[in-house]
Each structure stands twice: as structure tokens, then as C-alpha cells.
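A structural walkthrough
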Amino acid sequence: MTRQPVWHQRADVVVIGTGVAGLAAALAVHQRGRIVVVLSKAAETATHYAQGGIAVVLPQTEDSVEAHVQDTVAAGGGLCDPDAVRSIVADGYAAVADLVHDGARFDESSPGQWALTREGGHSRRRIIHAGGDATGAEVQRALDHADTTLDIRRNHVALQVLRDDSDGLAAVTGVLVVNQDGPGLIHAPSVILATGGLGHLYSATTNPEGSTGDGVALALWAGVPISDIEFVQFHPTMLFDGHASGRRPLITEALRGEGAILLDAQGNSVTAGVHPMGDMAPRDVVAAAIDARLSKTGDPCVYLDARGIAGFERRFPTVTEVCRAAGIDPTREPIPVVPGAHYSCGGVVTDVHGQTELPGLFAAGEVARTGMHGANRLASNSLLEGLVVGGRAGRTAADHAVAAGPRRAGLPESRRHDALDRADLHRAMTRYASVVRDADGLHRLSDTLATAGERSALTRTDFEDVALTLTARAVAAAALARTESRGCHHRRDYPDTDPAQARSATVRLAGRDDRSGEVVVETPAAIC
Ligand SMILES: Cc1cc2nc3c(=O)[nH]c(=O)nc-3n(C[C@H](O)[C@H](O)[C@H](O)COP(=O)(O)OP(=O)(O)OC[C@H]3O[C@@H](n4cnc5c(N)ncnc54)[C@H](O)[C@@H]3O)c2cc1C
């Protein structure tokens, strides 16, 4: 199959993704009266699987935007942009109110009073939730039904963002897409990447199967930088059931918020003496503590003892169900858990309106790097960011489309695409770029990635392998360049944090005309 388009279409805005960020964006474009086409390659989104909730400061409570900002910045290991955090947190309540207007229902502690829980790194109870621990399913349901006239195309894979540099002013002109009819072009002056995360870089992850780093690759090919990509967050408590790989169930952090404790196989606390917040420390701290304990004991997993939580099955129906499916009764026995690849703290560099450095290209949600999460995301800040920045990106992209006027995309450029076999990629990433890394392993990973062979990227699977391979190159290069430990990035050979590296590293493709797929890192030192 060739990459030459066999069908064409026009829109004002193309949104790639139907999770929280994509749908919040698409609804905002639609409300502005512009033509929006929404693409999705898969039925599942990470949004649907979110358990714990949405961190939001409710008015007229003892909580404050400033307290939420401080907690977020403290978790972010010195790399958050406090102005970006403040801007996003401050709009959280309004975005949640819009979601409620769209039909979302959150759990209440008394009539008209939302129930608030706590998660790691939060100094207050400020997490709203739905269906106990099924918040994401409720958010997805509300957004899916908010406007049934939205033009959503399922089984459409975005392959390339098209840009035009011919008159000296770079601009987006559309997207190359493949569906059951073959490749096609959607001509549009605004494109929003809302493609989610990259958990499937690793053999076991909490992410759905479509989380393959597509947006990172699309941005790099379009000449747009990514940042903080070395900070892959490993959730401390992914259900451990032997050697299973692929998407694995998450055991929400809210269990610890309600009193569950982390123990090793000998019954000793995993986090005692590690951090003043103990089991409620930020995720990077808890995941690293578990990893260190497992290395020391040689055990395959640690345990989350939630037997003390009253009304467990009512409060945590999703966790109850996934545990029972694995033959574990969480009300009678501790739950076996390990850290699992969960969230990309970095991504496509944008401002707080989702604007990238390429006019007409926007990004929102997990694929974006707004400066909200820094080196480590605070629990339940992701749905919040997706809602707020998704909506803003939609409004800004709609306005850009009006200002830019209709666009006609040229033919897609041909580019060499490399891919490793998925199993080889998983083995190398899991072994060398997990919770703890070192130079030797990262060099081995880079060597493995250099053996990737040329692949046409015209089917979903081939495209995902190509995107994963390029994203893995970016993670490996950024992780190698950061010669310190900070946030989610732990270097065995550089265990300390280096104040001189308290800057975000940026990754770009070696050159837009370079077809090798090599990436270059502008290191923190170079930026300084
Ligand atoms: C198990 C789990 C629990 C979580 N719990 C919480 C929580 O309690 N609170 C919280 O704040 N966060 C939580 N998170 C994180 C949060 O859910 C995600 O970060 C967030 O939902 C991501 O939303 P998104 O819109 O960016 O992407 P997603 O919801 O992942 O949607 C991505 C979309 O992009 C589409 N797509 C991708 N590539 C392409 C392509 N090339 N072409 C076409 N379409 C494409 C996919 O089909 C999909 O529609 C959790 C995550 C997981 C996995």
C-alpha cells in the first residue's frame, strides 16, 4: 500500500483522540461553531480506566488553589512551571462544573456534598470520584454523550501531521490518516494531538493497548520538540499476578488514602523511614522504595494490606472485581502489587492553551507537556489537566482556524520509518529504562534501538511499532543525558539530585530532512 491519499476531506480542526482531552477539545470547537473531525484508532482510552478521581479545589472549603499548587510543585521535583500549574488548577472547578453540566455524576458524602478522598502527595482531601473507583468510566460516559452530533471517526489512525513551509511561515495543513478505505488526507488549519500516553513501551503497564506514544512521534516528525520525556511514572501498585504482560489492572492509590498499608513479604513496612508522608509519599518515592525492597529481598512483589478499610467492596468495586478475577479476596488477604508503567509526565511542549511551537498544531492531555507535572505527576492531576487544557486547546484551535483560513495540504513527505519487533522493544525498555536506570543499561538500550529495521507504517500495528521505537529513542536519549536522579528518573550511577540540572531537557528529531530517525537532546546544561 502506498502513502498517497485515496480520499480527501476538509475540516477547521482535526482532533486526534477521544479521551478526556480530545473530547473536551472537540466539544469546545463545536461550541465555537467550527467544523471538527475527531479521530480514534481504538475503542479503549486511558480515560475510561481512571480509578482514583479528579483533583479539584472546591470553593468555600478549607482547601485553596495555592495549597494544590504547592503540592503539585513539591511532587514535580523542581521541574514544574508554577505559573502553568496555577493557571490549570485555578480553572479546575469551572471545568468540572462543565462536566457536571454534560451529565457527569460524582459520589456524595451527603446530599449535595461531594465526597473527597486523598491520594499520595496531596496535603488535603481534594479528590472527587465517581462509582467509588470508576471515575474515568463516568468522565468518558459523560463526554461521549455530551453532544451526539460530534463527527467521531473510529478505526482511523493518524499517520502524519502535514505542514507547509513554502512561504517561509510554517503552518499546519492537515493530517494523513488511514482507515478501512486506505490512506486519506484531512485538510485543516488546526490539528490537536490528544493521543494519550506511552505505557506500551514496557511489557507490563496499566495503560490500554492504544497507548503507544503516537503523539510524541507525530510531533517529532512535524519538527516540534518534546520535553521531560525521561520522566515515565511507574505507579507503585499495579496488581501482580505472576508473569502476565500487556495491560494489567491498577490498584488505586485511594486505597492508601483510606488507610491501606504497604508491606513486604516479611510484614515490614516498605516506606518507613523513606519519606515523612510514608505510604502517602508521592508516587516516584513509593515506586522507588518498592523497587529497592524487591531488589534487596529478591521477592517478586510486595503487598497492599487493605483489610482494615470498612465497606471495601462498596467504596472500591473496580478493585474488588479485578482482584477477585485474579483469585484474590482483598477483604481477607493483602493484595500482591508491583510498580507498573503508568503515565508520561513529559511530552509535546505546549503552553497552557495547548499551543505548540508550530502554528496550528496543538496538544492536550497526557501527550502534552505544559509544565504541570514536572519530573513527577501528582495523583489525579491528569484528568484535571486534560479537561482544562483540552477545552482551552479546542477554543484556541477554533480561533486559529478562523484566522488562518482554509488550508490545502500537499502530498505527505516520504520518510524512513524504523521499528523494532514489539517483544524486543518491551524486553529492552523493561530491563534498561524502568524505575531505576544507569548508563550501561541505557547504552545497551540505545544499541538495541539502533538495530530497528525499516518498516512501512501503513497499518495500525506497523505504525504503532514505528511510533514506539521513535518514542523509545527519545526516552533513552533523554534518560542518558540526565546524569542525576530527579522525580521519576532514578539513576543507579547518579543517585543524587544535581541542582545544576533543574531544567527540562528538550528532544527533537535530528533534522527535518534527516531520515535516520535519530534524536538530539538539548541538555539542561546546554539550555542554561
Ligand atoms: C488505570 C489507570 C488509572 C488512572 N487513574 C487516574 C485517576 O484516577 N486520575 C487521574 O487524573 N488520572 C488517572 N490516570 C491517568 C489518566 O487517566 C490519563 O492520563 C488520561 O485519561 C489521558 O487522557 P487523554 O485524553 O490524554 O488520552 P486517552 O484517554 O488515553 O485517549 C487517547 C486517545 O487517542 C487515540 N489515539 C492515539 N493515537 C492515535 C492515532 N495515531 N490515531 C488516532 N487516534 C489515536 C486513542 O484511540 C484514544 O482515543 C489513570 C490512568 C490509567 C491507565
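Residues numbered from 1 in each chain as written. Predicted model: local features only at pLDDT ≥ 70, side-chain atom pairs only at ≥ 80, totals over all residues. Heavy atoms only, no water.

**What to know about the site of the ligand**
Put simply, the rule reads: The near set for a molecule or strand comprises every residue that places at least one heavy atom within 4 Å of it. Within 3.5 Å is the distance limit for a polar contact, defined as a pair of N or O atoms, with the added protein rule that one can donate a hydrogen and the other accept it, and that residues adjacent in sequence qualify only through two side-chain atoms. Helical segments are the DSSP runs of H or I of at least four residues, strand segments are the runs of E of at least two, and each set is numbered from the N terminus. Three classes are used: nonpolar for Ala, Val, Leu, Ile, Met, Phe, Trp, Tyr, Cys and Pro, charged for Asp, Glu, Lys and Arg, and polar for all others, with Gly counted as polar.
For the ligand, the set of nearby residues contains 38 residues, the closest of which are T47, G52, G53, E366 and S382. In this structure, R377 approaches the ligand through a side-chain N or O atom, which is 3.3 Å from a nitrogen atom. For the shell around the ligand, the secondary-structure elements that each account for two or more residues are α1 (20–31), β3 (36–40), α2 (46–49), β10 (157–164), β20 (335–344) and α12 (381–404). Looking at side-chain class alone, the shell around the ligand contains 15 nonpolar, 19 polar and 4 charged residues.

**Some words on the sheet that holds strand β4 (residues 54–55)**
Put simply, the rule is: Strand pairing follows a simple DSSP-based rule, namely that at least 2 bridges must link the two strands.
With antiparallel pairing, 3 strands are arranged side by side in an open sheet as β4-β8-β7. The sheet is open, and its two edges are formed by β4 and β7 (116–117), each paired on a single side. Here β7 runs beside strand β8 (residues 127–128); their pairing, made up of 2 bridges, is antiparallel. Its bridge partner being in β8, L116 is matched across the sheet by I128.

**Details of the packing of helix α13 (residues 422–432) against helix α14 (residues 439–450)**
What counts is decided by this rule: Angles here are taken between N-to-C directions and fall from 0 to 180 degrees, while the axes themselves are lines fitted to C-alpha atoms, restricted in helices to the stretch in contact. Every angle not falling under 35 degrees, over 145, or within 65 to 115 is termed oblique; those three ranges are roughly parallel, roughly antiparallel and roughly perpendicular. By the definition used in this description, the sense in which the near helix is turned from the far one sets the handedness, with an anticlockwise turn below a right angle giving left-handed and a clockwise turn giving right-handed. The contact definition used throughout considers only heavy atoms, calling two residues in contact when any of these lie within 4.5 Å.
Orientation of α13 relative to α14, taken along the N-to-C sense of each, is 165 degrees, at an axis distance of 9 Å. Classified by the angle their axes make, α13 and α14 are roughly antiparallel. Considering the relative orientation of α13 and α14, their crossing is left-handed. The segment α13 lies against α14, with L425, A428, M429 and Y432 engaging G441, L442, R444, L445, T448 and L449. The residue makeup of the contact of α13 with α14, split by class, is 7 nonpolar, 2 polar and 1 charged.

**Observations concerning the packing of helix α4 (residues 82–90) against α12**
The axes of two packed helices give the description: the angle between them and the distance between them. The N-to-C vectors of α4 and α12 enclose an angle of 90 degrees; their axes lie 9 Å apart at closest approach. The orientation of α4 with respect to α12, classified from their angle, is roughly perpendicular. Every residue of α12 that contacts α4 at S87, I88 and V89 is listed here: L384, E385, V388, V389 and R392. Taken together, the residues that form the contact of α4 with α12 break down as 5 nonpolar, 1 polar and 2 charged.

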